[in-house]
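Examination of the molecular architecture
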Amino acid sequence: MNFRSDNVAGADPAIMAALTEANAGSASPYGDDPWTRRLTERVAEVFEIKAAVFPVATGSAANALALSVLTRPYGAVYCHDDSHINTDECGAPELFTGGAKLIPLTGVGAKVAPDILDAALAKAKPGFVHRVQPAVVSLTQATEAGRVYRPDEVAAVCAVARRHGLAVHMDGARFANAVVRLGCTPADLTWRAGVDVLCLGATKNGTWCAEAVIFFDPARAADFAYRRKRGGHLLSKMRFISAQLDAYLENDHWLTLARHANAMADRLAAGLIDLVDGAALADPVEANEVFIRLPQTLTQRLLDAGVGFYPWDGEVVRLVTCFATTDAEVDEFLDLVRRVC
């Protein structure tokens, strides 16, 4: 019963099979291989556009390297205060951009709100030599509160960004969970709404270690290959990253995995609401994370019993499901809650 993170699981069997297949024989290094070429074709099919695709090993590298292309060292990156790039990447975006400043914004559900963004940009003073220059807006899909941006919400933020001449980056660590919850196409949730670069997460949803930086306008990616090499993420055996991503996207497998993770989160949340007097969701369950208020005595007893999850804020706890979470695991946890209550 480990609900600490969607990183606690291993790799999905289909991903492991793809790695085994890629392990046979030899292949050219540094991405000049059939798997990487096939991945680019696969992304074009899934996102309905010819894009520049760059596999990397971690989400932090994907975000930091993508931002390094979109801003100069004296630029400003506008993001939510709770965003991963602002709170959990140990200054990697600042390092890889050469010193660009992150400008944190408030917003309900850890979402960047168009009106708050617009107000912040109105005070930015473009061209004023004493200020960092606005360059990028970064969105997280799904957000750190487990909320999802709908296509119209993405478009509204992108419209503000365009009006002020900014690029738009999306940290898609849980992008698949958002797509299946909304029932929309990946294109509608990204480039059609105005997103320039997507960091497509896969590690949280079934791969061993694989993320992809996708530039929907390949011209923006002119120097990304050099930045990736300089940043240590041009793997010599790139086929093993690309093979994971190719298997991940093949036949909508990524969406199947995310749909299961979301369903487990729904099952978990509904069970807790039904069993625990006073239990209340701190945020709606829109992806695969459950933020719920529980009595602190119950929380402590569950932790003492060895259940894995994180106390979050006051009485709020966070429980995260994943592609590998089973009905039995959720039911075992709920049985424990029932006995404790």
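Quick note: structure is the one above.
Okay, so let's go over this structure. Bear in mind that the values here come from a model prediction, so they are computed numbers and not experimental data.

Bringing the sheet that holds strand β9 (residues 289-293) into the picture now. Ordered by their spatial adjacency, four strands build an open sheet running β8-β9-β11-β10, and the pairing between neighbours is antiparallel. Where the open sheet ends on each side, the last strands, each with one partner, are β8 (280-281) and β10 (310-313). Note that β8 and β9 share two bridges and pair antiparallel. Counterpart to Ala-280 in the pairing with β9 is Arg-293.

Turning next to the packing of aromatic side chains. Enumeration over the complete set of coordinates arrives at nine aromatic pairs. Centroid distance Phe-47 to Phe-175: 6.1 Å. Interplanar angle 25°. Geometry classified as stacked. Of this pair, Phe-47 sits in helix α2 (residues 34-47) while Phe-175 sits in helix α8 (residues 175-182); the two residues are 128 residues apart in sequence, bridging distant segments of the chain. In this structure an aromatic cluster arises from ring pairing among Phe-47, Phe-175, Phe-216, Tyr-248 and Trp-254. The positively charged end of Lys-111 is found above the aromatic ring belonging to Tyr-149, 5.7 Å away from the centroid.

A separate point is the environment of Pro-104. Secondary-structure assignment places Pro-104 in strand β3 (residues 101-105). A sequence separation of 106 residues divides Pro-104 from Ala-210, and the C-alpha atoms of the two residues are 27 Å apart. Look past the residues within four positions of Pro-104 in its chain and what remains in contact with it is Cys-79, Asp-81 and Asn-86.

In the structure shown here, the tally under the stated rule is 21 salt bridges. Put simply, Arg-38 and Asp-246 hold a salt bridge, and the shortest N to O gap is 2.7 Å. Of the two residues, Arg-38 is situated in helix α2 and Asp-246 in helix α10 (residues 239-249); the sequence distance between them amounts to 208 residues. Ionic pairing is found between Arg-150 and Glu-286, a salt bridge with its closest N-O pair at 3.6 Å. Of this pair, Arg-150 sits in the loop between β4 (133-140) and α7 (151-163) while Glu-286 sits in the loop between β8 and β9, and the two are 136 residues apart along the sequence.

Right, let's get into the side chain of Asp-196. With respect to the helices and strands, the residue Asp-196 is situated in the loop between α8 and β6 (197-201). Using a relative accessible area of 11% as the deciding quantity, one classes Asp-196 as buried. For Asp-196, the side chain forms a polar contact with the side chain of Arg-162, separated by 3.0 Å. Excluding anything up to four places from it in sequence, Asp-196 contacts Arg-162, Ala-167, Val-168, Ile-214, Phe-215, Phe-216, Asp-217 and Arg-220.

Scoring rules and cut-offs
- Residues numbered from 1 in each chain as written.
- Predicted model: local features only at pLDDT ≥ 70, side-chain atom pairs only at ≥ 80, totals over all residues.
- Heavy atoms only, no water.
- Pairing = 2+ DSSP bridges.
- Helix = DSSP H or I, 4+ residues; strand = E, 2+ residues; numbered from the N terminus.
- Phe/Tyr/Trp six-rings, centres within 6.5 Å; stacked < 30°, edge-to-face > 60°.
- Lys NZ or Arg CZ within 6 Å of the ring centre and 35° of its normal.
- Contact = heavy atoms within 4.5 Å.
- Salt bridge = Lys/Arg side-chain N within 4 Å of Asp/Glu carboxyl O.
- Buried < 20%, exposed > 50% of the residue type's maximum accessible area, 1.4 Å probe, protein only.
- Polar contact = N/O pair within 3.5 Å; in protein donor to acceptor, adjacent residues only side chain to side chain.

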